[in-house]
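# Residue-level structural notes
These are the residues of each chain, in order.
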Amino acid sequence: MTEPGMSNAIIWQRQNLRELPKFRDGTTYLYLDHTRLEQDGRGVRAYHPEGMVTLPAASLSVLLLGPGCSVSHEAVKALSDTGCSLLWVGEEGVRLYASGLGETRSAARLQRQALLWANPQSRLRVVRQMYAMRFPEGLPDDLTLAQIRGREGARVRDAYARYSRAHGVKWDTRQYKQQDWHRATPVNKAVSAGNACLYGLAHAAILSMGYSPALGFIHTGKMLSFVYDVADLYKLEVVLPVAFREAATPGDDLERRVRKGLRDHMTKLHLLERMTADLLHLLGGDDPDPDATAPGDLWDPEGHAVGGVNHAGHDS
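Conventions adopted
- Residues numbered from 1 in each chain as written.
- Predicted model: local features only at pLDDT ≥ 70, side-chain atom pairs only at ≥ 80, totals over all residues.
- Heavy atoms only, no water.
- Axes fitted to C-alpha atoms, helices over the stretch in contact; angles between N-to-C directions.
- Helix = DSSP H or I, 4+ residues; strand = E, 2+ residues; numbered from the N terminus.
- Parallel < 35°, antiparallel > 145°, perpendicular 65-115°, else oblique.
- Left-handed = near helix turned anticlockwise from the far one by under 90°.
- Contact = heavy atoms within 4.5 Å.
- Phe/Tyr/Trp six-rings, centres within 6.5 Å; stacked < 30°, edge-to-face > 60°.
- Buried < 20%, exposed > 50% of the residue type's maximum accessible area, 1.4 Å probe, protein only.
- Lys NZ or Arg CZ within 6 Å of the ring centre and 35° of its normal.

## Quick look at the packing of helix 5 (residues 145–167) against helix 8 (residues 235–247)
Contact pair helix 5 / helix 8: the axes reach a minimum separation of 10 Å and the direction vectors enclose 30°. Classed by the angle they form, the pair helix 5 and helix 8 counts as roughly parallel. As helix 5 packs across helix 8, the resulting crossing turns out to be right-handed. Two secondary-structure elements touch here, helix 5 through R155, V156, A159, Y160, Y163, S164 and H167 and helix 8 through L236, L240, P241, F244 and R245.

## Observations concerning the packing of aromatic side chains
All told, the structure shown has six aromatic pairs when counted by the stated rule. An angle of 65° between the planes, with centres 6.1 Å apart, marks the rings of Y160 and F244 as edge-to-face. Of this pair, Y160 sits in helix 5 while F244 sits in helix 8, placing them 84 residues apart in sequence. For the residue pair Y160 and F244, the accessibility class agrees, reading buried in each case. Ring geometry for Y163 against F244: centres 6.1 Å apart, planes inclined by 25°, an arrangement best described as stacked. On the criterion of sequence distance, the pair formed by Y163 in helix 5 and F244 in helix 8 is long-range, its members being 81 residues apart. Taken as a pair, Y163 and F244 share a single burial class, namely buried. Within the aromatic cluster, the residues linked to one another by ring pairs are Y160, Y163, W171 and F244. A cation sits over an aromatic face here: R162 above Y163, 5.4 Å from the ring centre.

In structure tokens:
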């Protein structure tokens with residue numbers, strides 16, 4: 001992963017990008033800025049003022065494109081054909097602006113998610129499961145959602161206090177204002193930068209598994225509601241230890257250090273493997289269609305009809 005403020009050429013020399021495995025095998029992400037991407041044969045070349053490198057498109061799972069990046073139509077096609085998720089992000093990777101399609105071409109899992117989301121009983125069941133995953137000791141079955149949210153608030157408060165004491169970093173309250181970023185405290189900046197990486201990773205996992213980032217169960221009303229749902233399952237365990245550690249460490253480039261530390265922490269935790277397993281546990285759904293080029297079926301209340309064929313003669 002390259003980082004703003006560091007030499008892309010140096011980073012590329014240190015890391016053999018061809019060693020990055022596919023998404024399902026637990027790769028994290030690659031961040032680029034001020035880079036031009038063009039197709040080269042069946043691969044993609046990344047041109048930066050300090051050098052050029054051929055990206056292992058077939059092995060990448062998530063590519064974060066920061067400010068100053070441009071990508072050709074053919075390069076996008078080459079990356080999407082291999083299942084690499086493209087995310088366009090803001091400076092320092094703090095905001096996610098847009099994304100491309102993931103590897104899955106089947107709608108089976110999305111349809112399963114929509115069914116669970118649209119039914120109040122099944123949605124409530126998923127919501128309770130998502131909250132219960134955050135409490136190793138479990139939650140009593142008779143708690144209302146308001147009571148569960150109260151326990152979750154106490155869990156979050158205690159976690160911030162614990163990391164504040166452990167690292168000697170003063171903690172008052174969580175503050176994040178996009179229009180007033182530079183006035184935030186170092187620890188708030190660190191947490192925001194870490195959360196942005198986690199959101200990007202959760203977004204890529206959701207797309208690659210064939211689910212919708214918009215159909216959230218706990219969060220609602222935003223196109224990334226389900227991203228926030230999934231990220232909240234891991235936020236305290238994944239982001240806080242790295243954010244508080246780096247906020248307590250003197251030096252510049254705080255956001256860059258958080259991203260690098262988070263990358264290593266995510267890999268150590270096998271986070272992507274956990275995300276994919278947890279998504280299947282929560283939502284289930286059929287396996288993706290083995291033939292991505294085959295046409296889909298035609299809906300019929302008496303049973304789906306085969307698509308991609310001429311049905312003339314069936315009208316009598």
